[in-house]
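# Structural description and commentary
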Amino acid sequence: MWQDLHESLKTENFTVLAVAEDSGGVEVARPWIEAASPSYPCLIDVDHRLAALYGMVNVPQGVWIDEEGRIVRPPETAGYTDHFRRMDPVTRALPPEAAAARAAVRAAYMDAVRDWVRTGRHALDPAVARAKLPEITPEKALADANFRLGIWLRRAGREEEAMEFLAEASRLHPDSWNFWRQAADKNETGLAAGPEFWERVSALGDRAYYPQPDLPGF
Amino acid sequence: MAVVLTESGAFTIAAKDGLYVSAADAETVTGWALKPEGMCRDELCVPLASAARRGGAVDLAAFWRKLGNPVVSDRGGEVWVLGTGAESRADALAGLAAPDFSLPDLDGEMHTLSALRGKKVFLTTWASW
């Protein structure tokens, strides 16, 4: 998904760094990475360590980091939108205007990244960036520990016990789609997008599944 | 034996009665050393409750909770996670220095965020699910 962006900026002092939040590890991530054949690094994060460090709750989220290693845009939705909620439940087709709007948002996000790389625009002042940092609560920190244990148990083949800890992680941190979808049953296409997923999305009501960043074109 | 999962990795160490471990193992796993005044790292010492110190052994779970960190274990008390507390996480982010990490690529080669210092980085997540 980021190959064009990375290519278009390859003469700049810039890189995409993509991280798969995938407890299944290399074997589940490999087909996706090989199909994309990216020229930027693609890393595998079995324990969702990155999400814990940065307070990330969904994919894809992006963090912009400057040359000094400073966060200039904290985690935010990276080019995805809630238009999928208008998908036909049977055919999975999206109304054409929704598909067009979704594509426009994705393009606007890519343009914003390019703009930042070339001009520094859209980097937030430290006070603004700080105010946009996700709040890390004791419940979330405990959720991370439960998730880590659940994933370890799952990888050790102790699925039933693993589910207890993965469920506890979701209970403690219900806003983490990462936790919930990683634990959930997969549908026939390998996505955690079965009926329970759609029920959870419906339960959001007016809240966004993919909250939109404060950038031009959004 | 117990498996202890921390930020720095997984350790298999001898443990009894929960997570009472030798002082040497406690230091290997956490970086904190047992001294007469408590558990110490650099100049800082944290007193231990008398129940958390038995002979030469330390109740690592009790110590870790005392630091304000979460501790979770499996049903059998054989696998433990010594997590990172909310305050540490939030403090690390509040300075806006991007928290560092090392993760493997498909070939198992490790990549470290801080090695990219000097470049702008668009760090992004995805997943197969």
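## Some details on the overall build of chain A
Helix and strand counts for chain A come out as 9 helices and 4 strands. For 218 residues, the compact-globule estimate of 2.2 N^0.38 gives 17 Å, and chain A sits close to it at 18 Å. Partitioning the intrachain contacts of chain A with sequence separation of at least 6 by distance along the chain shows that 62% fall at a separation of at least 24. Summing over all exposed atoms, chain A offers an accessible surface of approximately 10,100 Å²; the carbon and sulfur share of this is 53%. Of note, chain A has its 25 positive side-chain charges centred 2 Å away from the centre of its 34 negative side-chain charges.

## Here's the deal with the packing of aromatic side chains
A complete count under the given rule lists 21 aromatic pairs over all chains for this structure. With centroids separated by 5.7 Å and ring planes inclined at 90°, the aromatic side chains of F197 of chain A and Y209 of chain A adopt a geometry described as edge-to-face. Of the two residues, F197 of chain A sits in helix 9 (residues 195-203) while Y209 of chain A sits in the segment after helix 9, which places them 12 residues apart along the sequence. On the basis of relative accessibility, which here comes to 4%, the residue F197 of chain A falls in the buried class. In textbook terms, an aromatic cluster arises when at least three aromatic residues are bridged by ring pairs, as seen for Y80, F84, W177, W180, F197, W198, Y209 and Y210 of chain A. Above the face of the W177 of chain A ring, R200 of chain A is positioned so that its terminal group lies 5.1 Å from the ring centre. Taking the ring centre of Y20 of chain B as reference, the NZ or CZ of R54 of chain B above it sits at 4.1 Å.

## Overview of the interface of chain A and chain B
Contacts between the two partners involve 80 residues from chain A, matched on the other side by 46 residues from chain B. Around 5,800 Å² of area is buried between chain A and chain B when both sides are counted, 64% of it from carbon and sulfur atoms. One can count 4 salt bridges joining chain A with chain B. The salt bridge partner of E164 of chain A is R75 of chain B, with a shortest N-O separation of 2.4 Å.

## A look at the environment of N146 of chain A
All names here are of chain A. Along the chain, N146 falls in helix 6 (residues 138-155). Exposure remark for N146: the relative accessible area of 5% places this residue in the buried category. For N146 and S170, which are 24 residues apart along the polypeptide, the C-alpha to C-alpha distance reads 9.1 Å.

The rules behind these values
- Residues numbered from 1 in each chain as written.
- Chains lettered and ligands numbered in written order.
- Predicted model: local features only at pLDDT ≥ 70, side-chain atom pairs only at ≥ 80, totals over all residues.
- Heavy atoms only, no water.
- Helix = DSSP H or I, 4+ residues; strand = E, 2+ residues; numbered from the N terminus.
- Rg over C-alpha atoms; globule rule 2.2 N^0.38 Å.
- Contact = heavy atoms within 4.5 Å.
- Areas by Shrake-Rupley, 256 points an atom, 1.4 Å probe, with all protein chains shown as cover.
- Lys, Arg positive; Asp, Glu negative; His and termini not counted.
- Charge placed at Lys NZ, Arg CZ, Asp CG, Glu CD.
- Phe/Tyr/Trp six-rings, centres within 6.5 Å; stacked < 30°, edge-to-face > 60°.
- Buried < 20%, exposed > 50% of the residue type's maximum accessible area, 1.4 Å probe, protein only.
- Lys NZ or Arg CZ within 6 Å of the ring centre and 35° of its normal.
- Buried area = accessible area lost by both parts, 1.4 Å probe.
- Salt bridge = Lys/Arg side-chain N within 4 Å of Asp/Glu carboxyl O.

Just distances and angles here, no functional claims.
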